[in-house]
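# Topology and contacts: notes
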Amino acid sequence: TLVGSCLLLVLQAPAILVAFAGLALIYRRVQTLFNASATALKRLEAATKSPVFTLFSQTLDGLSTIRPMRLQSRLETAVTRAIDTNTASYLSWAHINRWLGVRLDFMGAVIIGLTACICLLSSSSIGAGGTGLLLTYAITVTRSLSGSVRTVTQLEVQMSTVERVCAFANTPPEVDPVAFTGEADGDG
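A quick note: this is a predicted structure, and the numbers were derived from the prediction, not measured.

Each helix and strand counted, the protein has six helices and zero strands in total. Ordered by position from N to C terminus, the α and β elements of the protein give α-α-α-α-α-α. The globule rule puts the C-alpha radius of gyration for 188 residues at 16 Å, and the 28 Å found for the protein is more than 25% above it. With respect to the three principal axes, the spread of C-alpha positions in the protein is 100 × 35 × 20 Å. For the protein, contacts bridging at least 24 residues in sequence account for 82% of all contacts bridging at least 6. Between the centroid of the 14 positive side chains of the protein and the centroid of its 12 negative side chains there is a distance of 18 Å.

Laid out in structure tokens, this is it:
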């Protein structure tokens, strides 16, 4: 659909080819900027999520010790700090996604605006029906390009999760000191 729409737009108004070439470079630049930032922010968000789950698990495991020693406020402070750190990194990631959305919407408006201007300048050769068709296809191109950029960027960002799993998989296991020394039998 994207190739057909672009081809129809170029055949009806060849001047739009220059605009498409420039916008393709801009789309690629925005995608590159977004990928670098979003991947780093997604890694940060994933790294700050682990302490939240660790503290939650430790809290459940240590309830019998936490209450008698009256450590609830200390633990609550640690959990609140971990959640705040994770939320801040998640919100940064959400903001960079919105940044991408605004840029893609703006570039889509530029494509539609350029198509409308070219249709106005060559209205005698295109006609009303052709203008409507070109504007409809310009909207289709905009949606397809935005969807493609979003899909590719999200795929690249989610690959940071795969990298994290691979890093954990390649981490050597820790040696159990009890099993290593043989003191678990009570012989020690």
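With respect to the helices and strands, the residue Gly-147 is situated in helix α5 (residues 123-169). Placed 43 residues apart in sequence, Gly-147 and Leu-104 show a C-alpha to C-alpha distance of 9.3 Å.

With the rule as written, the count across this model stands at one aromatic pair. Between the aromatic rings of Tyr-90 and Trp-93, the centroid separation amounts to 6.2 Å while the plane-to-plane angle is 40°, which identifies the pairing as tilted. A residue pair is termed a helical-turn pair when its members lie 3 or 4 positions apart in one helix, as Tyr-90 and Trp-93 do in helix α4 (residues 72-121) at three residues. Owing to a relative accessible area of 40%, Tyr-90 belongs among the partly exposed residues under this scheme.

On to the layout of surface pockets. The gaps of empty space that remain are located by a probe, the size of a water molecule, rolled over the atoms. Estimates place the volume of the largest pocket at around 170 Å³. If you go around the largest pocket, you meet 13 residues; those closest to its centre are Phe-20, Leu-23, Ala-24, Tyr-27 and Leu-145. Listed by contribution, the elements that provide at least two residues to the lining of the largest pocket are α1 (2-12), α2 (16-61) and α5. Counting residues per element, the lining of the largest pocket draws most heavily on α2, at six residues. A per-class count over the lining of the largest pocket returns 11 nonpolar, one polar and one charged.

With that settled, consider the pattern of salt bridges. Where charged atoms from two side chains of opposite charge approach closely, those side chains can pair. One pass over the full model with this rule turns up three salt bridges. Across the pair Glu-45 and Lys-49 runs a salt bridge whose closest N-O atoms are separated by 3.5 Å. Of this pair, Glu-45 and Lys-49 both sit in helix α2, four residues apart, which is roughly one turn of that helix. Among the residues examined, Lys-49 registers a relative accessible area of 32% and is labelled partly exposed. For Arg-98, the salt bridge identified is with Asp-105, shortest N-O distance 3.8 Å. The partly exposed category is assigned to Arg-98, whose relative accessible area is 47%.

So, on to the packing of α2 against α5. Running from N to C, α2 and α5 cross one another at 30°; their axes reach a closest spacing of 9 Å. With respect to α5, the axis of α2 lies roughly parallel. Note that α2 runs across α5; the crossing there is right-handed. Classifying every residue of the contact of α2 with α5 by side-chain character gives 11 nonpolar, 10 polar and five charged.

Structurally, Thr-48 can be placed in helix α2. Beyond its immediate chain neighbours, meaning those up to four positions away, Thr-48 contacts Ala-82, Thr-85, Asn-86 and Ser-89.

Core analysis: the biggest nonpolar cluster contains 26 residues, and Leu-9, Ile-16, Phe-20 and Tyr-27 have the highest contact counts within it. Of all the secondary-structure elements, those providing two or more residues to this core are α1, α2, α4 and α5. Ranked by residue count, the leading element in this core is α2, at nine residues. Not counting residues within four places of it along the chain, the set of residues in contact with Tyr-27 comprises Leu-104, Met-107, Gly-108, Ile-111, Thr-142, Leu-145, Ser-146 and Val-149.

Cut-offs used in this document
Residues numbered from 1 in each chain as written. Predicted model: local features only at pLDDT ≥ 70, side-chain atom pairs only at ≥ 80, totals over all residues. Heavy atoms only, no water. Helix = DSSP H or I, 4+ residues; strand = E, 2+ residues; numbered from the N terminus. Rg over C-alpha atoms; globule rule 2.2 N^0.38 Å. Contact = heavy atoms within 4.5 Å. Lys, Arg positive; Asp, Glu negative; His and termini not counted. Charge placed at Lys NZ, Arg CZ, Asp CG, Glu CD. Phe/Tyr/Trp six-rings, centres within 6.5 Å; stacked < 30°, edge-to-face > 60°. Buried < 20%, exposed > 50% of the residue type's maximum accessible area, 1.4 Å probe, protein only. 1 Å grid on protein atoms, 1.4 Å probe; cavity = no way out; pocket = protein on both sides within 12 Å on 5 of 7 lines; lining within 4 Å. Points joined across faces, edges and corners; volume = space filled by probe spheres on them. Nonpolar A, V, L, I, M, F, W, Y, C, P; charged D, E, K, R; others polar. Salt bridge = Lys/Arg side-chain N within 4 Å of Asp/Glu carboxyl O. Axes fitted to C-alpha atoms, helices over the stretch in contact; angles between N-to-C directions. Parallel < 35°, antiparallel > 145°, perpendicular 65-115°, else oblique. Left-handed = near helix turned anticlockwise from the far one by under 90°. Core = buried A, V, L, I, M, F, W, Y, C linked by side-chain atoms within 4.5 Å.

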